[in-house]
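Notes for the structure review
In case you want the letters, here they are:
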Amino acid sequence: MISELQVGVITQTHGIKGEVKVFPTTDDAGRFKKLKEVIMDTGRERLQMEIEGVKFFKQYAILKFKGLDSINDIEKYKGAKLYVARDQAVRLKKDEYFVADLIGMDVVTDEGKPFGSLKDVMPTGANDVYVVEREDRSEALLPAIRECVKEINMEKRQITVHIMDGLL
């Protein structure tokens, strides 16, 4: 399992006092209120950043980092990804998983046949949809519902699915 989880991406500056707009990549944008620090990945370096202030605007979290007090200090970080250490991640309920932990898992049918590898998880509102890359490089879209996803075995890194009639 990965040790850090992505929580957002800096999209642009906000005002002139060093604040940034962050597009949340977490289900709960309100979690930024509880965060004291994040790891900023600029692509060239990883920086431990202390959060000084948080507010919200539309779908964005507006963050102010300690020590970055002007637009000139923060502008170079546009596009940077923000991560938290796994021990700061939100607590999951039973049968909930971090998408980052599921990506790459083997997908097998409930008949024991290899089906592919989990490539992505798409949120749709009603339920998530698993994007499975098949052996022939084609993609299958499977609804993440109990009738289709029968078991997720984190130890084996395997997802067992039932292919419902008309799904493929």
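As shown above, the structure is provided for reference.
Residues numbered from 1 in each chain as written. Predicted model: local features only at pLDDT ≥ 70, side-chain atom pairs only at ≥ 80, totals over all residues. Heavy atoms only, no water.

1. Brief notes about the nonpolar core
Judged by nonpolar contacts, the single largest core of 19 residues is most densely connected at Ile10, Val22, Val38, Met40, Leu63, Phe65 and Leu82. Put simply, the parts of the chain that give this core at least two residues each are β1 (4–14), β2 (19–24), β3 (37–41), β4 (46–57), β5 (60–65) and β6 (81–85). Aside from chain neighbours lying at most four places away, what touches Met40 is Ile10, Glu45, Arg46, Leu47, Met49, Phe65, Tyr77, Ala80, Lys81 and Leu82. Listed in part, the 15 residues of the second largest apolar core include Phe115, Leu118, Leu142 and Val161. (Core = buried A, V, L, I, M, F, W, Y, C linked by side-chain atoms within 4.5 Å. Buried < 20%, exposed > 50% of the residue type's maximum accessible area, 1.4 Å probe, protein only. Helix = DSSP H or I, 4+ residues; strand = E, 2+ residues; numbered from the N terminus. Contact = heavy atoms within 4.5 Å.)

2. Section: the sheet that holds strand β10 (residues 139–143)
Across a sheet, paired strands are connected by hydrogen bonds in the backbone, their directions being either parallel or antiparallel. Spatially, β10-β9-β8-β7-β12-β11 is the arrangement adopted by the 6 strands of the open sheet, whose pairing is mixed. Of all the strands in the sheet, the pair left with one neighbour each is β10 and β11 (149–153). Averaged over all pairs of adjacent strands, the angle between strand axes in this sheet comes to 35°, irrespective of strand direction. As judged from the 5 bridges shared by strand β9 (residues 128–133) and β10, these two strands associate in the antiparallel manner. Within the sheet, the bridge partner assigned to Val132 lies in β10 and is Ala140. (Pairing = 2+ DSSP bridges. Axes fitted to C-alpha atoms, helices over the stretch in contact; angles between N-to-C directions.)

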